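Each chain is listed here by its residues.
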Amino acid sequence: MASSAETTSQTKAPTILERIYAQRAKDVELAKSTPGTTPEDMKVYLDELKLAPPLVSFVDRLKRNPGSSTGTPSVSLMAEIKRASPSKGNIALTANAASQARTYAEAGASVISVLTEPTWFKGSLVDLQLARRAVADSLDRPAFLRKEFILDEYQIDEARLYGADTILLIVAMLSPTRLKALYNYSLNVRGMEPLVEVNNAAEMQIALELGAKVIGVNNRNLHNFNVDMGTTSRLADMVLKDHGDVVLCALSGISTREDVEVYRHQGVGAVLVGEALMRAPEGQTGLFIQNLLGWSS
C-alpha cells in the first residue's frame, strides 16, 4: 500500500514532504545495497554482535527535568540539533553535534533530537553517534531521538546501532499499515518507544488508536511548512480527556517563555525546540534554556 507521501496527484507538484520521502526512499535503497550496511549486516551488528549501546527509557526520561521536583513543575525540553531546514535554509552549518549535545545535556535537556537527514537538514548518522558518545558518561543522560523521515525498518536498525533511544514516526507520511508495522518493530524488536507525530485531529486519532505513549503535535504542516502555534492547543484535549498516560509534546515554532507557559497550562509535557537554540548566541545556550523553561541556575 502506498504511503500518503508517496501518492501525489498528477496535476499537482509534489509537496515538500513528498519530495523528502522520495529522496529518502532512494537513500535507504542505496544504503541497503552497499556492502557492509546491508540489512543482513545490520542484523549481525545488532542481534549477533550486540554492538548497539545501552538504551534508556524514552518515556521515563521525558518525564524528568530540572523543574520536576519543584512546586510548579516545568515541561521537559527536547533540544534539537538542526543545521538547516527546508523552510529556513541554513541555520548553523558549522554546528558541532557533539559539542551541542553536551551543552544541551548540561543545561537539563531530557531528550536530544538529532536530525540525520542530509539533503535538506544537513544531518547524518555520524552526528547522532558522536552526540550520544559526547554525553555517554553524564549522570542521568538525556534520551536520544533520531529525527528522521522513517519509512523502512532498516532505518530503525540504523537508529539503534548509532545510539538512538527513540525514533520519529510521522503519521502524515505513512499509511496506517506501515505506521503500525514500524511502530511495532521499533517497540517490540528494537525496544524503542517511538515519538509519533501528528498535525491534525484525524492524525491524532490514528496515533491514539495505535497506542502511542508519546505523541508530538507538529505546529508546522510538513506539506507546506507553514507554522500555526495553535495546532497543539486545538488537539490537546483529545489526549488529556481520555488518555492521561500519554505524554503530549509540542513541536516546532517554540522560541519564548510565553510559548512554553501557554502549552504547560494546556497539559503539554514536553516541548521540542531547535532553531531558537541553534541561533542562541555563542556561550548563551544554557542561559537561554533556563529562561525558556523557567529553570533556576
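Scoring rules and cut-offs
- Residue positions are given per chain, counted from 1 along the sequence in the order it is written.
- Thresholds applied to this predicted model are a pLDDT of at least 70 for local features of residues and 80 or more for the giving and counting of side-chain atom pairs; totals over whole chains, interfaces and linings are not thresholded and use all residues.
- Values shown for side chains rest on all heavy atoms present in the structure; no hydrogens or waters enter the calculation.
- Each helix is a run of DSSP H or I of at least 4 residues and each strand a run of E of at least 2, with the numbering of both proceeding from the N terminus.
- Only the C-alpha atoms count toward the radius of gyration. The rule for a globule is 2.2 Å times the residue count to the power 0.38.
- Burial here depends on accessible area, computed with a 1.4 Å probe over protein chains only, as a share of the maximum for the residue type. Under 20% is buried, over 50% is exposed, and the range in between is partly exposed.
- It only takes one pair of heavy atoms within 4.5 Å for two residues to be counted as in contact.
- Nitrogen and oxygen atoms within 3.5 Å of one another constitute a polar contact, given that in protein one can donate a hydrogen and the other can accept it, and given that sequence-neighbouring residues count only through two side-chain atoms.
- Only one rule defines a salt bridge in this text: a Lys or Arg side-chain nitrogen within 4 Å of an Asp or Glu carboxyl oxygen.
- In plain words, nonpolar cores are sets of buried Ala, Val, Leu, Ile, Met, Phe, Trp, Tyr and Cys residues tied together by side-chain atoms within 4.5 Å.
- Under this scheme, a helix contributes an axis fitted over its contacting stretch, all axes are lines through C-alpha atoms, and angles between N-to-C directions fall in the 0 to 180 degree range.
- In this scheme, roughly parallel covers angles under 35 degrees and roughly antiparallel covers those over 145, while 65 to 115 is roughly perpendicular and the rest are oblique.
- Take the far helix as the reference: if the near one is turned anticlockwise from it by less than a right angle, the crossing is left-handed, and if turned clockwise, right-handed.
- Side-chain classes follow a simple rule in which Ala, Val, Leu, Ile, Met, Phe, Trp, Tyr, Cys and Pro form the nonpolar group, Asp, Glu, Lys and Arg form the charged group, and the remainder, Gly included, forms the polar group.
- A strand pair is defined by DSSP finding two or more bridges across the two strands.
- Every crossover in which the path from the first strand over the helix to the second runs clockwise, viewed with the strands pointing away from the viewer, is termed right-handed.
- Stacked, tilted and edge-to-face are the three classes applied to pairs of Phe, Tyr and Trp rings, where Trp contributes its six-membered ring and a pair requires centres within 6.5 Å; stacked means planes under 30 degrees apart, edge-to-face means over 60, and tilted covers the rest.

K.L.:
Mind laying out the overall build of the chain, listing which residues take part and the relevant values?
P.N.:
Looking only at helices and strands, the chain features 12 helices and 10 strands. For 297 residues, the compact-globule formula gives about 19 Å, and the C-alpha radius of gyration of the chain, at 18 Å, lands near that figure. Taking the principal axes of its C-alpha atoms as reference, the chain extends roughly 50 × 45 × 35 Å. The burial tally for the chain puts 52% of its 297 residues in the buried class.

K.L.:
Kindly report on helix H6 (residues 153–161), identifying the contributing residues and their values.
P.N.:
Helical geometry note: an α-helix holds 3.6 residues per turn, so side chains three or four residues apart project in the same direction. Burial within H6 is extensive, with eight of its nine residues counted as buried. Listed in full, the buried residues belonging to H6 are Tyr-154, Gln-155, Ile-156, Asp-157, Glu-158, Ala-159, Arg-160 and Leu-161. Contact partners of the buried residues in H6: helix H1 (16–33), helix H2 (39–48), helix H5 (125–134), strand E5 (143–147), strand E6 (166–170) and helix H7 (176–189). The backbone nitrogen of Tyr-154 has a side-chain oxygen 2.7 Å away, supplied by the residue at the start of H6, namely Asp-152. Following H6 by one or two positions, Gly-163 has its phi on the positive side, about 110°.

K.L.:
Residue-level account of the pattern of salt bridges, with values.
P.N.:
Using the criterion set out here, one finds 21 salt bridges in the structure. Connected through shared salt-bridge partners, Arg-24, Asp-27, Arg-146, Glu-148 and Glu-158 make up one network.

K.L.:
Tell me what's going on with the nonpolar core, and back it up with residues and numbers.
P.N.:
If you look at the biggest cluster of nonpolar residues, it comprises 91 residues, and the most contacted ones within it are Met-78 and Val-271. When near neighbours in sequence (up to four residues on either side) are disregarded, Met-78 contacts Phe-58, Leu-62, Val-111, Leu-145, Leu-195, Cys-249, Ala-270, Val-271, Leu-272 and Val-273. Ranked by size, the runner-up nonpolar core spans seven residues in total, among them Val-28, Ala-31, Met-42 and Ala-52.

K.L.:
Give me the packing of H6 against H7: which residues, what numbers.
P.N.:
Interaxial distance between H6 and H7 falls to 10 Å at its minimum, and their mutual angle equals 30°. Judged by the inter-axis angle, H6 sits roughly parallel to H7. Relative to H7, H6 is oriented so that their crossing is right-handed. Here Glu-153, Ile-156 and Asp-157 of H6 lie close against H7, whose contacting residues are Arg-178, Ala-181, Leu-182, Tyr-185 and Ser-186. Taken together, the residues that form the contact of H6 with H7 break down as four nonpolar, one polar and three charged.

K.L.:
So what's going on with the sheet that holds strand E8 (residues 214–218)? Which residues, and what values?
P.N.:
Spatially, eight strands are ordered E1-E4-E5-E6-E7-E8-E9-E10 in a closed barrel, and the strand pairing comes out parallel. Across the sheet, the mean angle from the axis of one strand to that of its neighbour is 25°, orientation sign disregarded. In the sheet, E5 pairs with E6 via two bridges, with the strands oriented parallel. Bridge assignment links Arg-146 to a residue of E6, and that residue is Ile-167.

K.L.:
Could you give an account of the pairing of strand E7 (residues 195–198), naming the residues involved and the relevant values?
P.N.:
Covered by surrounding structure in E7 are Leu-195 and Glu-197 together with Val-196 and Val-198, the residues of both alternating faces. Summarising the sheet, E6 and E7 pair through three bridges and their orientation is parallel. Bridge pairing in E7 places Leu-168 opposite Leu-195. This β-α-β element, E6 to H7 to E7, shows right-handed connectivity. The pairing of E7 with E8 spans four bridges and is parallel. Looking at E8, one finds that Val-196 is bridged to Ile-215. On the question of chirality, the crossover connecting E7 to the parallel E8 by way of helix H8 (residues 201–210) is right-handed.

K.L.:
How would you sum up the packing of aromatic side chains? Please name residues and give values.
P.N.:
In this structure the tally under the stated criterion is one aromatic pair. Relative to Phe-149, the ring of Phe-121 has its centre 5.9 Å away and its plane inclined at 35°; by these criteria the two rings are tilted. Linking Phe-121 in the loop between strand E4 (111–115) and H5 with Phe-149 in the loop between E5 and H6, this pair joins segments that are 28 residues apart in sequence. One exposure class covers both Phe-121 and Phe-149, and it is buried.

K.L.:
Talk me through the pairing of strand E9 (residues 247–251); I want residue IDs and the actual numbers.
P.N.:
Burial of E9 is extensive: five of the five residues sit out of reach of the surface. Burial along E9 is two-sided: Val-247, Cys-249 and Leu-251 and Leu-248 and Ala-250, pointing in opposite directions, are all buried. With five bridges connecting them, E8 and E9 associate as parallel partners. Considered in E9, the bridge of Ile-215 is made with Leu-248. When E9 meets strand E10 (residues 270–273), the two strands line up parallel, connected through three bridges. Within the sheet, the bridge partner assigned to Leu-251 lies in E10 and is Leu-272. At this point the chain moves from E9, through helix H10 (residues 257–265), to the parallel E10, and the crossover so formed is right-handed.

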